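Structural overview for review
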Amino acid sequence: DITVSGGAISNFSASGSSVSNPYSLSFDGTDDYTETSVASSALFTSGASHTMELWYKASSLHSDETQLMGNYDRKSTGCPSGCDGVVSMVIGGTSESGAGTVGKIKVLGLTSTSAVNDGAWHHIASVYDRSAMKTYLFIDGVKEAEGTITSATDYGNSTNEFHVSAGMSRIIAATRYSAGKVNVVRVSDVARYTSSFTPATSFVSDSNTKALWNMSEGSGSTVNDASSNNNDLTIYGASWVSDVPGP
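In what follows, the accompanying structure is described. (Residues numbered from 1 in each chain as written. Predicted model: local features only at pLDDT ≥ 70, side-chain atom pairs only at ≥ 80, totals over all residues. Heavy atoms only, no water.)

Re the sheet that holds strand E7 (residues 88-91)
Selection rule: Pairing between two strands is assigned when DSSP locates at least 2 bridges connecting them. Numbering of helices and strands runs from the N terminus, with a helix taken as a DSSP run of H or I at least four residues long and a strand as a DSSP run of E at least two residues long.
The strand order E9-E8-E7-E6-E13-E4-E19-E18 describes an open sheet built from eight strands, whose pairing is antiparallel. Whereas interior strands pair on both sides, the edge strands pair on one side only; in this sheet they are strand E9 (110-115) and strand E18 (222-223). Relative to strand E13 (residues 161-164), strand E4 (residues 33-39) runs antiparallel, the two being bridged by three bridges. Note that in E13 the partner of Thr-34 across the bridge is Val-164.

Here it is in C-alpha cells:
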C-alpha cells in the first residue's frame, strides 16, 4: 500500500518488486571514495524535503566518525567556507565507546539505536520532511529516531561536491577513511518514508529522484546516475565486487 500525506509517502513496501544489482563498490579504508563532478546543490531542491538512502556493509571502523554520504568537506579551508547547506550521514568510530555511538549512524541530529558494523548488509535512510517539519532515521526499514525541524533549511551548496563511500571525511589538513562496501544509493527531493517499510534492493528513477547510483557497471571509474540528471560519481580507488544485498 502507498499512502500520500502532505507530500510524504508512507506505508510503502517495495519488497518482491526488485532484485539487487550484481555489483557493489568496495572501499579499502586507506584512500578510497567517490564524488560527483557537479556541486552538491544539484542534488537538492530548494524548499523541498529530501531522502538519502544506501545499502552499506562493514565490520571495521575508523577511530573517529566518517561520512558515508553527504557534502561535508572542509578540505584545507575550514568553516564557514563550504559549510553552508551541509548534510552528512556519518558512522561512529571506535573511539566513541564512551558516547555509546560506535558503529551507529548519525545524521540531521539523529542517532540510530542499532550499530551497523556487524559485517551484514544494512539499508540506511535519512529523511528530511519539510511538510511535517520532521526528521527520520531508518535502519533496515525500522524507524530508529525522529526529530522536529524548528527552522527549515535548504541543503547543498555550490562549493562542495557530494560524496559516497564506506567512510570518508576531510577534516582540514587530514582525511579519515573507513573500509566497507556500498550498494544502491539514492537521493530524492521528497520524504519517501515516514513509517516502517521493507527496503527494496534496487530502485527505478522517478520525478523525485535527484540521483540514483545502482552500481550496475561492474567495471570502470564511473558510477552512472540512473536518473535523467547526469549526477555521475567518479570513483577514486574503490573496486568493483560481486558482494550484494540479498533479495
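From this point, the narrative continues.
Brief notes about the pairing of strand E12 (residues 142-148)
Both strand E11 (residues 134-139) and E12 contribute to a ladder of six bridges, which runs antiparallel. What sits directly across from Leu-137, in E12, is Ala-145. If you look at the hairpin formed by E11 and E12, you'll find two residues sitting between the two strands, and Asp-140 has a positive phi there, around 55 degrees.

Points about the environment of Ala-166
Cut-off, in case you're wondering: The contact rule is simple, with two residues in contact once any of their heavy atoms fall within 4.5 Å.
Examined against the element boundaries, Ala-166 turns out to sit in the loop between E13 and strand E14 (168-171). Remark: the alpha-carbon pair of Ala-166 and Leu-68, spanning 98 residues in sequence, is separated by 5.4 Å. Excluding residues that lie within four positions of it along the chain, Ala-166 makes contacts with Phe-27, Tyr-56, Thr-66, Leu-68, Ser-178, Ala-179, Gly-180, Lys-181 and Val-182.

Quick look at the pattern of salt bridges
Oppositely charged side chains can form a pair if their charged atoms are brought close together. For the record, the criterion: Salt bridges are counted wherever a side-chain nitrogen of Lys or Arg sits within 4 Å of a carboxyl oxygen of Asp or Glu. Only protein chains enter the accessibility calculation, which uses a 1.4 Å probe; a residue is then buried when its area is under 20% of its type maximum, exposed when over 50%, and partly exposed in between.
For the structure on display, the rule yields twelve salt bridges. Arg-176 is the salt-bridge partner of Asp-64, the closest N and O atoms lying 4.0 Å from each other. A residue pair is termed long-range when its members are at least 10 positions apart, and Asp-64 in the loop between strand E5 (50-57) and strand E6 (66-70) and Arg-176 in strand E15 (residues 174-177) qualify at 112 residues. By relative accessible area, which is 30% here, Asp-64 ends up partly exposed. In this structure, Lys-143 and Glu-146 form a salt bridge, with 3.2 Å as the shortest nitrogen-oxygen distance. A residue is classified by how much of its surface remains accessible, and Lys-143, at 29% relative accessible area, is partly exposed. When its relative accessible area of 42% is taken as the criterion, Glu-146 is described as partly exposed.

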